Amino acid sequence: MLTPVTRGSMSAVSGSHGSGIVAKWIVALARLLFLILVCVSPCLGLQEHKTKNVLILHDGWRDLAMNSLSDRELRQVLSSDQALDIQYFEEYTETYRLGTQYPALADILRQKYSTQRIDLIAAVGQTALRFLCAYSDKLWPQIPVVFFMVESDELPETLPPNSTGVTGSLDFSGTLALALRLQPDTRHVFYVSGVSVDEGINLRSAKRAFQPFANKVEISYLVGDPLQRLLTRLRQLPPHSIVIYTQILQDANGDTYVPTEVCPAISAAANAPVYGVLETQTGLGIVGGSIMAMKQNAREGAERSLRILKGKSVQSLPVKHFTPSHIIMDWRQMQRWQLAETRLPSGSVVLFREISFWERYSAPIIGTIIFVLAQSALIVWLLLERKRRKQARSSLARLYSLELVASELATKLSDCPADRVEAEIESGLSGILAAERIDRVSWFVIPEANLPVTQIYSVSRTGIPEEPCFFSRAELPWCTARLLSGEVVTATGIENLPAEASCDQHYFTERWVRSVALIPSTSITSGKGVLALICFVVEREWPASLISRLGVLGNIVGSALSRKCAQEQQRESEQRFRHLFEQSSIGIALEDTEGRLLYTNPALSSMLGYTDEEMRGLNYAQLTGSDEEEDRILFEELLVGCRESYQIERLHMRKDGTRIWGRLNVSMLKSAGQPTPLVIAMVDDMTARKESERELEQAHHELHNLTGRLIQAQEQERQRIARELHDDVGQRLAALLVEMNILNHCLPAELTAEHAAVSDILREADELATDVHDMSHRLHSSTLRHLGLKSALRELCTHYSTHSQLHVELAAGEVSAALPEEFTLCFYRIAQEALNNAVKHSGSNRATVRLLNPDGVIRVEIRDFGVGFDSTAPRTGLGLASMRERLQMIGGRLEVNAALGGGVEIIAEAEVHQASLMAKAR
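What counts and how
- Residues numbered from 1 in each chain as written.
- Predicted model: local features only at pLDDT ≥ 70, side-chain atom pairs only at ≥ 80, totals over all residues.
- Heavy atoms only, no water.
- Helix = DSSP H or I, 4+ residues; strand = E, 2+ residues; numbered from the N terminus.
- Buried < 20%, exposed > 50% of the residue type's maximum accessible area, 1.4 Å probe, protein only.
- Contact = heavy atoms within 4.5 Å.
- Salt bridge = Lys/Arg side-chain N within 4 Å of Asp/Glu carboxyl O.
- 1 Å grid on protein atoms, 1.4 Å probe; cavity = no way out; pocket = protein on both sides within 12 Å on 5 of 7 lines; lining within 4 Å.
- Points joined across faces, edges and corners; volume = space filled by probe spheres on them.
- Nonpolar A, V, L, I, M, F, W, Y, C, P; charged D, E, K, R; others polar.
- Pairing = 2+ DSSP bridges.
- Axes fitted to C-alpha atoms, helices over the stretch in contact; angles between N-to-C directions.
- Patch = residues over 30% accessible without salt bridge, like charges linked within 9 Å, V, L, I, M, F, W, Y side chains within 5 Å.
- Areas by Shrake-Rupley, 256 points an atom, 1.4 Å probe, with all protein chains shown as cover.
- Parallel < 35°, antiparallel > 145°, perpendicular 65-115°, else oblique.
- Polar contact = N/O pair within 3.5 Å; in protein donor to acceptor, adjacent residues only side chain to side chain.

**Structural notes on the overall build of the protein**
A count of helices and strands for the protein gives 26 helices and 29 strands. By the burial criterion, 41% of the 922 residues in the protein qualify as buried. Excluding contacts between residues fewer than 6 apart, the proportion of contacts in the protein whose partners are at least 24 apart in sequence is 65%.

**What to know about the pattern of salt bridges**
Under the criterion given, the structure shown has 24 salt bridges. Put simply, Arg-461 and Asp-439 hold a salt bridge, and the shortest N to O gap is 3.0 Å. Taken together, the residues Arg-461 in the loop between strand E15 (453–460) and strand E16 (470–471) and Asp-439 in the loop between helix H12 (421–436) and strand E14 (440–446) connect sequence positions 22 residues apart. The salt bridge involving Glu-539 is made with Arg-514; its shortest N-O contact spans 3.9 Å. Residue Glu-539 is located in the loop between strand E19 (528–535) and helix H15 (544–583), and its partner Arg-514 is located in the loop between helix H14 (502–510) and strand E18 (515–520); the two are separated by 25 residues in the primary sequence. Judged by relative accessible area, Arg-514 falls into the partly exposed class, the value being 34%. One salt-bridge network, held together by shared partners, links Arg-850, Arg-859, Glu-861, Arg-893, Glu-895 and Glu-909.

**Points about empty space enclosed by the protein**
For the coordinates displayed, the defined rule picks out three cavities of 30 Å³ or more. Here the largest cavity defines a volume of roughly 430 Å³. Residue lining of the largest cavity: 26 residues in total, with Met-66, Met-149, Asn-202, Gln-247 and Leu-278 positioned closest to the centre. Elements with a contribution of two residues or more to the lining of the largest cavity: helix H2 (65–78), strand E4 (145–151), helix H6 (197–210) and helix H8 (259–269). Broken down by class, the residue content of the lining of the largest cavity amounts to 13 nonpolar, ten polar and three charged.

**Comments concerning the sheet that holds strand E29 (residues 904–911)**
The mixed open sheet is built from five strands, whose spatial order is E25-E26-E27-E29-E28. Sheet topology places strand E25 (807–812) and strand E28 (893–898) at the edges, where each strand pairs with a single neighbour. This sheet shows a mean twist of 10° between the axes of neighbouring strands, independent of strand direction. Relative to strand E26 (residues 846–852), E25 runs parallel, the two being bridged by six bridges. In the strand pairing of E26, Leu-810 is matched with Val-849.

**Side note on helix H5 (residues 172–182)**
All of the buried residues along H5 are Phe-172, Thr-175, Leu-176, Leu-178, Ala-179, Leu-180 and Leu-182. Elements in contact with the buried residues of H5: strand E6 (188–193), H6, strand E8 (241–245), strand E9 (274–276), strand E10 (288–292) and strand E12 (325–330).

**Points about helix H25 (residues 879–889)**
Inspection of H25 places Gly-879, Leu-880, Met-883, Arg-886, Leu-887 and Met-889 among the buried residues, and these make up the whole buried set. Downstream of H25 by one or two residues, Gly-891 has phi in the positive range, about 75°.

**Quick word on a nonpolar patch on the surface**
A cluster of nonpolar side chains, contributed by Phe-357, Trp-358, Tyr-361, Ile-365, Ile-366, Ile-369, Ile-370 and Leu-373, occupies part of the molecular surface with about 820 Å² of accessible area. Looking at the element boundaries, Ile-369 is found in helix H11 (residues 357–414). Looking at Ile-369, the relative accessible area reads 47%, which means it is partly exposed.

**Some details on the packing of helix H24 (residues 821–842) against H25**
The geometry of H24 relative to H25 is characterised by a closest axis approach of 10 Å and an angle of 170° between their N-to-C directions. The orientation of H24 with respect to H25, classified from their angle, is roughly antiparallel. The segment H24 lies against H25, with Cys-826, Phe-827, Arg-829, Ile-830, Glu-833, Ala-834 and Asn-837 engaging Gly-879, Met-883, Arg-886 and Leu-887. Among the residues making up the contact of H24 with H25, the classes are represented as six nonpolar, two polar and three charged.

**Comments concerning unusual backbone geometry**
We note that Met-149 has phi near 60°; this positive angle belongs to a residue other than glycine. As for its placement among the helices and strands, Met-149 is situated in strand E4. Even without a glycine there, the phi angle at His-240 is positive, about 60°. Looking at the secondary structure, you find His-240 in the loop between helix H7 (227–235) and E8.

**Digging into the pairing of E28**
Of the strand pairs in this sheet, E28 and E29 are connected by six bridges, and their pairing is antiparallel. Residue Asn-897 lies in a different strand from E29, and its bridge partner there is Glu-905. Linking two consecutive strands that pair antiparallel, namely E28 and E29, is a turn of five residues; a positive phi of about 80° is found at Gly-901 within it.

**Some words on the side chain of Ser-152**
Tracing the backbone shows Ser-152 in the loop between E4 and strand E5 (163–168). At 3.0 Å, the side chain of Ser-152 and the side chain of Thr-167 are in polar contact. Apart from the residues lying within four places of it in its own chain, the contact partners of Ser-152 are Thr-167, Gly-168, Ser-169, His-321 and Thr-323.

**Remarks on the sheet that holds E5**
As summarised here, the arrangement of the six strands in space is E2-E1-E3-E4-E5-E11, forming an open sheet in which the pairing is parallel. With one partner strand each, in any of the chains shown, strand E2 (85–92) and strand E11 (320–321) form the two edges of the open sheet. In the packing of helix H4 (residues 126–139) onto the sheet, the strands contacted are strand E1 (51–58), strand E3 (120–124) and E4, and the crossing angle to E4 comes to about 135°. Together, E1, E2, E3, E4, E5 and E11 form the strand contacts of helix H9 (residues 294–309), whose direction differs from that of E4 by roughly 170°.

Keep in mind these values describe shape, not function.
Set out below in structure tokens:
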């Protein structure tokens, strides 16, 4: 029988007398180790770590399985970071067992931790979170709070300041669905829990989850009975029943219990299967269920705590709703209630299964079989190895002769002149033919382009007919593809080629080929060189050792051909360079490291007005007419290897004294055959381009000035029209309104139709006067002149908010009133143009305008929240161009940030001092 844990009783947390003695010895040993560490640590130079204090506030009391699991996961995760020294403080709410009230608990914790710094609070469970919602700001203001093991649906609307955490949900519907799947004849469902506040939360969740099943089964809630009466009722359940148990912390008598101790008693008493939803109940008598992963919930909260202790802000970690559940079943209980395991959904976990004979002894049985097979394989291998050894002895002499051929060929080709390379290669192929006793040895090249494969060299045994010197790739497609990828192709018998090589097999069969070996070379530079060995009379094998040595021979031949090709290319390159040097339209000069000209091409001599003989011996500095510091430094850096080349534009002196502009490119020429490095200088005549650039710059400057004058003329015309509208048209309309009012009053009262017509005319005239006044203000704001930029922007924002669908908010700081008129007018026009664009094109109903004045800089930011536009696409409108021109006149800067769907932000800023200087200059 279970004994309730009464209020004030310590029987649930204190051990036996024997365990108390052991605990005393452990405490004494810990104190001794602590004293030793304090004494020895100065000598050892222990590294100091900053200690982090973590307060863990648990629901209920220490014996609850949820608290043990959460404490274990939290300590394991926090201790994984060796850079942190964690000091833990644990507190329990004891709400149900001791009847602790929140104010009393708050007073106890305030006194207990008044002198202790807390770096983080970990709240485990719903009660701990509710307490911190009410008192954390008073006890530990601004201290980070991480909560977990909290029901998602019961999360408080107001969380503690600076808090985050992980919530979860019990899968009652999944558990009931699983039970009905295993027991489809179920008619009665009994939900069992206690009467505590947390159990009330679970009860509400269960009722919501059970609603879809109300028309399928009868659901009863056994809540509030004392434990002994509850056990009696569970023994008398009707047939076709199941029990869903959550936990019992407190019964109707006020007695409190440890839920993990109640679970076995309920399972033993019930005459129907008991299902659960908590991970801590598995193995304690429940059949199983859709179990909430409490360990993962606690680990997620612990990982968030670790991030915060390492400096992560709480605001960057929003509350996570963590609801993973897994179907976990107890095999023993399934056997007890004869539940079919085949009805479980895929992915279900079945615990405590009894191991069969094969599962228990499969590893030794398989190991024995493998050992016997390995011994048999070893015996067979030894027999085969003895046969291979005999074959190896017979092939050593042949391999030695092949090695001798390779050695002699490499020696002869190492210092062979180009005109003797072909003869030596043919001699080496003849040596391969004699050493391997085959019918033909050939060397052919597969070109990089899709051209026929060309045979370069071929040596055949006497009596073997000649073969064509080339063939197309289509005749040997399979072999060609593998050779180009660097693979060796061998065939002891042509019929052994794979099915996809049918075309190749047909080609070889037509030419009576019995065996073939094709070894690609890696040394040739143009195309893929291939060494081919062919047998026409008998079939033969091609061992890997032979293929390896033939590959070496092929690389020797390929290297020799590559060297010959390189020599020929070098001669051609020298001829091309000489032709380029002499025929180039760009001036080229070769000079030594002192700057003396050694060779010059005709283009440079003609450019500077000298003959080739006059140019030789001159120093390059004589051709520039000055000793520029930048040129001298760059030339010295080139000589010492700090740079490979440099480019500079400078004037050059012609023989007749005139000057021309030239772009000078200078680089080093280093060659293995040239002991002294040379300098190559290339000069491109750019006098005409320099003149064009000067004229273009002057035209751009004149265009900029013209733009400024046009903007000023436009503003003056705006001001004149605004003054005419206000002083002339506006006054005349006002006089007309007065006369119409007099006429309306003079008409007899019985002329109602005439009064109505005059009233309509008066209303239209009044609207016309208002429109004229607004047009005058848009053309030229008097507020801007008399009250300054801030007031003018406020009036502009009010106008758009009143007369359009765009609500404009203004945020303006203090701005100096003594700003130049052109300066304030520029920013006013930019804001006006930006808001016009927002009304016409953005589709947004809100915009913001900010006016800032930091450190002598005026900055205006206008932003809408509409459709935006692609800033990279070309623009055909004049609005942005006009803004940039206005800002350039006062030395300002315009920045446009826009994206499709992201709105548009326009930033205009300028320095007040710079704008004043530019205004005075104009």
